[in-house]
Amino acid sequence: MKGALLLPFRLGTRNRFFPGGSLPLRSIGLLLVGLLICLALYLISVRTIGYFHAQNELGIILSLKLLQMAWLMLFAMLIFSCMVSAVSALYLSQDNEIVFAAPVAPTDLYFMRYVTTTVYTSWMMMAFSIPVFGAYGRVFAAGPWFWPLLLFCAVAIPLSATGIGMLLTVALVNLFPARRTKDIVVYLSLCFGIFIYLIFRMLQP
């Protein structure tokens, strides 16, 4: 049943990039542009991190602090992005009446929303963050286990962020009407700003 619920998402994604089962020039162009951006991010990150790493011990500490801040910032942005998208996916989506009227278990419906929200809100940030974190592996001469662990984290981080974001969304909608999307977004923006401030204070950069 979970596979049937995800079938429209899979077919829509396939038809978006491979309409009619072919590979159009538009998809090839987007792929090449994405690869060029990832390559540029990787080279810039290697040069920047390598500059700090070549300094004394303070430069190495600063590089590690930047790594911690990057991971926390990415995690916070994923939570915020998921909370904004989850309001529409769980409560304001036009197909909710049809989907929730179907003889399907609520757990399967929430799993479907969980998977689609995770992909929609995190694929771009994770794709463009892997070159940055991969640069750390090259500069710090990480072992061969670094790369599979990096890919594992690239999957685990958005899954965890989406779980937290959807949980916070459900809690907030119990306090605010789902239709007042603008008020909810403003409130989420305020929470996001406070969260970022607390991150900087805890890291003491």
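Here, the structure is the one placed above.
Bear in mind the structure is a predicted one, so any value in this text is a computation, not a measurement. (Residues numbered from 1 in each chain as written. Predicted model: local features only at pLDDT ≥ 70, side-chain atom pairs only at ≥ 80, totals over all residues. Heavy atoms only, no water.)

## Section: the environment of leucine 7
Looking at the element boundaries, leucine 7 is found in helix α1 (residues 2–17). Overall, the relative accessible area of 38% leaves leucine 7 in the partly exposed class. Put simply, leucine 7 and methionine 112 are 105 residues apart on the chain and 9.9 Å apart in space, counted from C-alpha to C-alpha. (Helix = DSSP H or I, 4+ residues; strand = E, 2+ residues; numbered from the N terminus. Buried < 20%, exposed > 50% of the residue type's maximum accessible area, 1.4 Å probe, protein only.)

## A closer look at the packing of aromatic side chains
Here the distance between the centres and the angle between the planes together describe a pair of aromatic rings. According to the stated counting rule, one finds four aromatic pairs in the structure shown. When the centroid spacing of 5.7 Å and the interplanar angle of 70° are considered together, the rings of tyrosine 51 and phenylalanine 52 count as edge-to-face. The interplanar angle of 85° and the centroid separation of 5.0 Å between the aromatic rings of phenylalanine 146 and tryptophan 147 together place this pair among those described as edge-to-face. Exposure remark for phenylalanine 146: the relative accessible area of 24% places this residue in the partly exposed category. (Phe/Tyr/Trp six-rings, centres within 6.5 Å; stacked < 30°, edge-to-face > 60°.)

## Notes on a nonpolar patch on the surface
Taken together, the side chains of Leu25, Ile28, Leu31, Leu32 and Leu35 present a nonpolar region at the surface, about 520 Å² in accessible area. When you line up the elements, leucine 25 lands in helix α2 (residues 25–53). Owing to a relative accessible area of 74%, leucine 25 belongs among the exposed residues under this scheme. (Patch = residues over 30% accessible without salt bridge, like charges linked within 9 Å, V, L, I, M, F, W, Y side chains within 5 Å. Areas by Shrake-Rupley, 256 points an atom, 1.4 Å probe, with all protein chains shown as cover. Salt bridge = Lys/Arg side-chain N within 4 Å of Asp/Glu carboxyl O.)

## Concerning the side chain of arginine 113
Its place among the elements puts arginine 113 in helix α5 (residues 106–139). If we ignore the near neighbours within four places in the chain, the residues touching arginine 113 are Ala89, Leu90, Ser93, Asp95, Asn96, Val99 and Met166. (Contact = heavy atoms within 4.5 Å.)

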